[in-house]
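# Structural features, examined
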Amino acid sequence: MDSAPPSPFLAIPAAEWVGANDLAFAIYDRFPVSPGHVLVITKRVVPTFFECSGDEQAALMDLVGDVKRLLDARLDPQPDGYNVGFNCGSAAGQTVPHVHVHVIPRYSGDMTDPRGGVRHVIPEKGNYLAGPSVTAAGAPRLSLTTGPNSPLWHRLADRLPGASEIDLLASFVQPSGLDFVAKSLFSALAAGAKVRLLVGDYLGITSPDALRQLLGWIDLAGPAFEARLAELENLRGAPASFHPKAWRIADASGGIVVIGSSNLSRAALETGVEWNLVGETTGSGSLDRELVAAFDDLWQQATRLSAAVVERYVARAAEAAALRRLWDGEAPQFRAAAASTLVSPTPRPWQAEALASLAAIRAEGYSKALVAVATGLGKTWLAAFDAVAHGKALGRPPRVLVIAHRAEILAQAEATMRQALVPSRVSYVAGSSCDLSGQLVIASIQKLSRPDGLAALASAPPFDYCVIDEVHHAEAPSYRRVLARLPRHDRSFTLGLTATPERTDGVDIATLFDDILAYQATIGQGIA
């Protein structure tokens, strides 16, 4: 029997390294403190920095410099500063006994008052130049986000993945907002967080598609994620409007609270002029308690989201939209001009090469192919671009199935595919749902490979395009059962995506795709 590697870092394939030298290598931290957080690690397993040889210590620091230059070039926006350091011993918080140096990009406004830097390993001792993060009465120290130069999202993004509880209240929600927060929310859910999202129906501005997307998230995430609709007519006191916007994020350091003007849309979180007060809290102060009590009260008055609730809202929203158009005198040509301002992504150079290869493979009559692309280069967008191209060749919008093994991967794939395909309907095979009728179907392999999922596959209309993400898991019997039963026609195409084509058991996954490797892009190509 093979023994486990002496360090979990040694199990990470070189294809996922972001840099290396003779004695050290660098990887993205899988639980990042901020976007771009990198670990620099010795190739030899050494418990702590002080037990490294002089050459190894020098190699670590040399690679730290290389990583900093790489992140400056790659990240947008460019970091405003960095924290660089390591933990030495369990008393200092070291959990993996293999020396690793953290390189953490920092951004202006990513915390209320960053003075004290690495001293924040003991939060209340962090900033000796300022008072505590809360007042003597337990009230949080507040800061303001105002818009594009200091967006709310920069304050939220780093806190969500490590949260234990997330409560989000928005008057209105749009698909752009859900797509924007999906990765961070599902990372938090994967780490054990509980998430509650409460949105209103006031004026019918909340997008019906966003509510349908939330229904899918409920199935993907399971009981840890809940969503409710605050229907104005059912709220206590007969309120005339519904305009609250708030976040409560609880984590090991206490948490943050946000009260302001940002609804759940990309513009509100990143690009628009929005004012929000952000407070660092202990998690148990008076404002924390008041916010929890107020949210719980509104939560109990709201309606649990279901397909029937969404369709009831859709009818009301359509009436409200028609009335707004009548009031505003909005001309059809104005709406068309507004729609034309939406920005559509374009393929990167490597994606254009891969798309040409996939088109040539289909032209030769093949129905399957594998693409191996390093993490972070955009393999899901490649699949979206190729699905669109295949639909154009078929002369109709393609019916697309996306299969993966983790909820966060499926949520991100859904956001990308919906933006590219603009499907008439999205359906889900996850949790309590087993609906294969949508133009875009998002499917958990765990659900799809069960008897009810396989039976549904057998009677489903054929798919034009199927994407299997993280396909290095596809040797598992569950994947083989699904691949054998995929409803297809003579021009159907199946694309396998992976960042790590080499399996530890030696199985060649390319055989599942007729030994056709359409394209391979390494992290080196990505850096170039």
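In case you missed it, the structure is sitting above this.
Now for a quick tour of the structure. (Residues numbered from 1 in each chain as written. Predicted model: local features only at pLDDT ≥ 70, side-chain atom pairs only at ≥ 80, totals over all residues. Heavy atoms only, no water.)

## As for the environment of Ala-224
Assignment of secondary structure puts Ala-224 in the loop between α4 (208–221) and β9 (225–230). Residue classification places Ala-224 among the buried residues on the basis of a relative accessible area of 17%. Counting along the chain gives 28 residues from Ala-224 to Arg-196, while the straight-line C-alpha distance between them is 8.3 Å. Beyond its immediate stretch of four places on either side in the chain, Ala-224 contacts Leu-189, Ala-193, Lys-194 and Val-195. (Helix = DSSP H or I, 4+ residues; strand = E, 2+ residues; numbered from the N terminus. Buried < 20%, exposed > 50% of the residue type's maximum accessible area, 1.4 Å probe, protein only. Contact = heavy atoms within 4.5 Å.)

## Topic: the sheet that holds strand β8 (residues 194–200)
Across a sheet, strands are paired by hydrogen bonds formed along the backbone, either parallel or antiparallel in direction. In spatial order, the strands read β6-β12-β11-β10-β7-β8-β9-β13; together these 8 strands make up an open sheet with mixed pairing. The sheet is open, and its two borders are formed by β6 (141–145) and β13 (303–304), each paired with just one other strand. Bridge count between β9 and β13: 2 bridges; the pairing is antiparallel. Looking at the pairing, Leu-229 lines up with Thr-303 of β13. (Pairing = 2+ DSSP bridges.)

## Things to note about the environment of Ile-41
By secondary structure assignment, the location of Ile-41 is in strand β3 (residues 38–42). By relative accessible area, which is 0% here, Ile-41 ends up buried. Taking the C-alpha atoms as reference, Ile-41 lies 5.4 Å from Phe-25; in sequence the two are 16 residues apart. Not counting residues up to four positions away in its chain, the partners in contact with Ile-41 are Phe-9, Leu-23, Ala-24, Phe-25, Ile-27, Leu-60, His-98, Val-99 and His-100.

## Comments concerning the packing of aromatic side chains
The tally for this structure, following the rule as stated, stands at 11 aromatic pairs. For the pair Phe-50 and Phe-86, a centre-to-centre distance of 5.8 Å together with 70° between the ring planes defines the contact as edge-to-face. Within this pair, whereas Phe-50 is found in the loop between β3 and α1 (54–74), its partner Phe-86 is found in the loop between β4 (81–85) and β5 (100–106), the two being separated by 36 residues in sequence. Each ring, one from Tyr-465 and one from Phe-493, has its centre 5.9 Å from the other, and the planes form 40°; the classification is tilted. Remark: Phe-493 occurs in strand β20 (residues 493–498) and Tyr-465 occurs in strand β19 (residues 465–468); sequence separation between them is 28 residues. Accessibility classification places Tyr-465 together with Phe-493 in one group, the buried group. Among the aromatic residues, those joined into a ring-pair cluster are Phe-49, Phe-50 and Phe-86. Here the basic side chain of Arg-362 rests over the ring of Phe-493, its NZ or CZ set 4.7 Å away from the ring centre. Directly above the ring of Phe-463 sits Arg-399, whose terminal nitrogen or CZ lies 3.9 Å from the centroid. (Phe/Tyr/Trp six-rings, centres within 6.5 Å; stacked < 30°, edge-to-face > 60°. Lys NZ or Arg CZ within 6 Å of the ring centre and 35° of its normal.)

## Concerning the state of the cysteines
Applying the stated criterion across every chain yields a total of 0 disulfides. Note on Cys-88: no disulfide assigned, nearest cysteine sulfur contributed by Cys-52 at a separation of 9.6 Å. (Disulfide = S-S within 2.5 Å.)

## Quick notes on unusual backbone geometry
Going from Asp-76 to Pro-77, the amide bond is cis rather than trans, its omega being 10°. Take Pro-77: it is sitting in the loop between α1 and β4. Despite not being glycine, Ala-238 has its phi angle at roughly 50°, a positive value. Look at Ala-238 and you get exposed, because its relative accessible area is 68%. For Asp-515, which is not glycine, the phi dihedral falls at a positive 60°. Residue classification places Asp-515 among the exposed positions, given a relative accessible area of 55%.

## A word on the sheet that holds strand β16 (residues 426–430)
Read across the open sheet, the 8 strands follow the order β17-β16-β18-β15-β19-β20-β14-β21; overall the sheet is mixed. Here the strands that pair on one side only, and so sit at the sheet edges, are β17 (433–434) and β21 (517–521). Bridge count for strand β15 (residues 400–404) against β19 is 4 bridges, and the pairing is parallel. Following the sheet pairing, Ile-403 is matched in β19 by Ile-468. Sheet contacts for helix α11 (residues 407–421): β15, β16, β18 (440–444) and β19; angle to β18, the most-contacted strand, approximately 170°. (Axes fitted to C-alpha atoms, helices over the stretch in contact; angles between N-to-C directions.)

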